[in-house]
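Analysis of the macromolecular model
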Amino acid sequence: MTPPAPIVTLSANLLADLPDARSGEVFTEFLARPGCRIERIVSHGQVTPQDQPYRQDHDEWVLLLAGAARVAMGDAETVLVPGDPLFIPAGTTHRVTFTDPDRPTIWLAIHLGETGMPIGT
């Protein structure tokens, strides 16, 4: 039996030593176990293209740590400020419609029951 992968520790603080995300979002995986993956996402003005929404075959819970964001799910759009969580149930079509273009937007994402990559819509 293969031992679980170690936790990746880049810094003692999720808000420290941030990568420059102005040219593209940066995903840093902190923990991956069967059925659970935890990552930090740093955005800087990026949005999901309208014709390429996400739809995952697993649940995702995100917590906005810094910056500002909006996420559309179905006909509703949720405005997120630091401290706001958002639960995205498996199979829910969603897209990021705004991240702050003037400063980093930092997300903590927990993927639950993940068995593969996002599926197309």
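Let me sum up the structure you'll find in this document. (Residues numbered from 1 in each chain as written. Predicted model: local features only at pLDDT ≥ 70, side-chain atom pairs only at ≥ 80, totals over all residues. Heavy atoms only, no water.)

Attention now moves to the overall build of the protein. The number of helices and strands found in the protein is zero helices and eight strands. Counting all 121 residues of the protein, 36% fall into the buried class. Considering only intrachain contacts with a sequence separation of at least 6, the fraction spanning at least 24 residues in the protein is 66%. Working note: accessible area of the protein is about 6,900 Å², and carbon and sulfur atoms make up 58% of it. (Helix = DSSP H or I, 4+ residues; strand = E, 2+ residues; numbered from the N terminus. Buried < 20%, exposed > 50% of the residue type's maximum accessible area, 1.4 Å probe, protein only. Contact = heavy atoms within 4.5 Å. Areas by Shrake-Rupley, 256 points an atom, 1.4 Å probe, with all protein chains shown as cover.)

Let's shift gears to the pairing of strand S7 (residues 94–99). Here S7 lies mainly inside the structure; five of its six residues are buried. For strand S4 (residues 69–73) and S7, the ladder comprises five bridges, and the chain directions are antiparallel. Considered in S7, the bridge of Ala-69 is made with Thr-99. (Pairing = 2+ DSSP bridges.)

Membership of the largest hydrophobic core is limited to twelve residues, which are Ile-41, Val-62, Leu-64, Ala-69, Val-71, Met-73, Leu-80, Leu-86, Ile-88, Val-96, Trp-107 and Ala-109. Where this core is concerned, the elements lending two or more residues are strand S3 (59–66), S4, strand S6 (85–88) and strand S8 (105–112). Per-element tally for this core: the top contributor is S4, with three residues. Those residues in contact with Leu-64 that sit more than four places away from it in its chain are Ala-69, Leu-80, Val-81, Pro-82, Gly-83, Asp-84, Thr-105, Ile-106 and Trp-107. (Core = buried A, V, L, I, M, F, W, Y, C linked by side-chain atoms within 4.5 Å.)

To continue, consider the sheet that holds S8. The sheet built from five strands is open, its strands ordered S1-S2-S8-S3-S6 with antiparallel pairing. Across the chains shown, the open sheet's two edge strands, defined by having one partner strand only, are strand S1 (26–33) and S6. In this sheet, adjacent strand axes meet at a mean angle of 20° when their direction is disregarded. Note that S3 and S8 share seven bridges and pair antiparallel. Bridge pairing in S8 places Leu-63 opposite Leu-108. (Axes fitted to C-alpha atoms, helices over the stretch in contact; angles between N-to-C directions.)

By themselves, these are just geometric observations and shouldn't be taken as functional.
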